[in-house]
Amino acid sequence: MRGIMALAAIGLMTACSSGEKEPTQREQIGQQWKYEGGEGAKPKLAYIGSTNGVSTMTAPDSFSVLLVQPLKEGGAQVTVKLVGAPFTCDLSDCHVTAVTDDGKTHEWKGRMTENKDGIEVLPASKAYEAIRNSKTVKVKLVVGPKDKSFPFTFNVAGLKLG
């Protein structure tokens, strides 16, 4: 009787599962620019996920997201977020290092986001200009103990803010 119950339970679980796996958060965000509405044809926010991820102690697929929000006075606010692992930075000197496809290294200074999951880069760091003028950007973020960092790669070509 137990054998029949076990087979019935397995059959019920198989019948109830759709067989299709839900997309991961990284797959939902994607590696191409996505836009959220604003007034008229201008986006209020653009975002893109990193093309690569890293296994951390807190998640098997930690990745990064770049958010670009146009400013009324021109330019844009850039935020770099870390998904799947805690974001860390020295609160007195919060910054990340980015390398653009021309080989130049940029230090983007800013402040930790309200949710403590990334950095809001100060406009003076010219992160938007670096992104706008590049095809790829690698951003190094701390992802592990002893400040172990990992370079997250973004294919940033094609950003259109209006």
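The rules behind these values
- Residues numbered from 1 in each chain as written.
- Predicted model: local features only at pLDDT ≥ 70, side-chain atom pairs only at ≥ 80, totals over all residues.
- Heavy atoms only, no water.
- Disulfide = S-S within 2.5 Å.
- Buried < 20%, exposed > 50% of the residue type's maximum accessible area, 1.4 Å probe, protein only.
- Helix = DSSP H or I, 4+ residues; strand = E, 2+ residues; numbered from the N terminus.
- Pairing = 2+ DSSP bridges.
- Axes fitted to C-alpha atoms, helices over the stretch in contact; angles between N-to-C directions.
- Salt bridge = Lys/Arg side-chain N within 4 Å of Asp/Glu carboxyl O.
- Contact = heavy atoms within 4.5 Å.
- Polar contact = N/O pair within 3.5 Å; in protein donor to acceptor, adjacent residues only side chain to side chain.
- Core = buried A, V, L, I, M, F, W, Y, C linked by side-chain atoms within 4.5 Å.

Asker: Tell me about the state of the cysteines, residues and numbers included.
Answerer: Within the structure shown, the criterion is met by one disulfide. Two residues share a disulfide in this structure: Cys89 and Cys94, whose sulfurs sit 2.1 Å from each other. Taking the torsion about the S-S bond as the criterion, the Cys89 to Cys94 disulfide, at about -100 degrees, is left-handed.

Asker: Please give an account of the pairing of strand S2 (residues 45–49) that cites residues and values.
Answerer: Judged by how many residues are buried, S2 sits mostly within the fold: five of five residues are covered. Side chains Leu45, Tyr47 and Gly49 of S2 all project onto a buried face; the interleaved residues Ala46 and Ile48 project onto the opposite face, where all are buried too. Of the pairings in the sheet, the one linking S2 to strand S3 (residues 63–70) comprises four bridges and is antiparallel in character. Opposite Tyr47, over in S3, you have Leu67 as the bridge partner.

Asker: Outline the sheet that holds strand S5 (residues 95–100), listing residues and values.
Answerer: Ordered by their spatial adjacency, nine strands build an open sheet running S1-S2-S3-S4-S7-S6-S5-S8-S9, and the pairing between neighbours is antiparallel. One side of each edge strand has no neighbouring strand; the edge strands of this open sheet are strand S1 (34–36) and strand S9 (149–155). Along the sheet, successive strands turn relative to each other by an average axial angle of 30 degrees, direction set aside. Two elements, S5 and strand S8 (residues 136–142), share four bridges in a ladder whose sense is antiparallel. Note on S8: the bridge partner recorded for Thr97 is Lys140.

Asker: How would you summarise the pattern of salt bridges if you had to cite specific residues and measurements?
Answerer: Applying the stated criterion to the full structure yields five salt bridges. With a closest N to O distance of 3.3 Å, Lys81 and Asp117 form a salt bridge. Here Asp117 lies in the loop between strand S6 (105–112) and strand S7 (118–121) and Lys81 lies in strand S4 (residues 76–83), a separation of 36 residues in the sequence. Owing to a relative accessible area of 22%, Asp117 belongs among the partly exposed residues under this scheme. Glu107 is paired through a salt bridge with Lys109; the nearest N and O atoms lie 3.5 Å apart.

Asker: Lay out the environment of Glu107 with the relevant residues and their values.
Answerer: Note that Glu107 resides in strand S6. Overall, Glu107 belongs to the partly exposed group, its relative accessible area being 43%. For the pair Glu107 and Ser125, spaced 18 residues apart in sequence, the C-alpha separation works out to 7.1 Å. Every residue in contact with Glu107, bar those within four places of it in the chain, is listed here: His95, Val96 and Ser125. Only 3.5 Å separates the side chain of Glu107 from the side chain of Lys109, close enough to count as a polar contact.

Asker: Could you give an account of the nonpolar core, with specific residues and numbers?
Answerer: Val68, Phe87, Trp108, Ile131 and Val139 are the most contacted members of the largest nonpolar core, which has 33 residues in total. Ignoring sequence-local partners within four residues, the contact set of Val139 consists of Val80, Val96, Thr97, Ala98, Trp108, Phe150, Pro151, Phe152 and Phe154.

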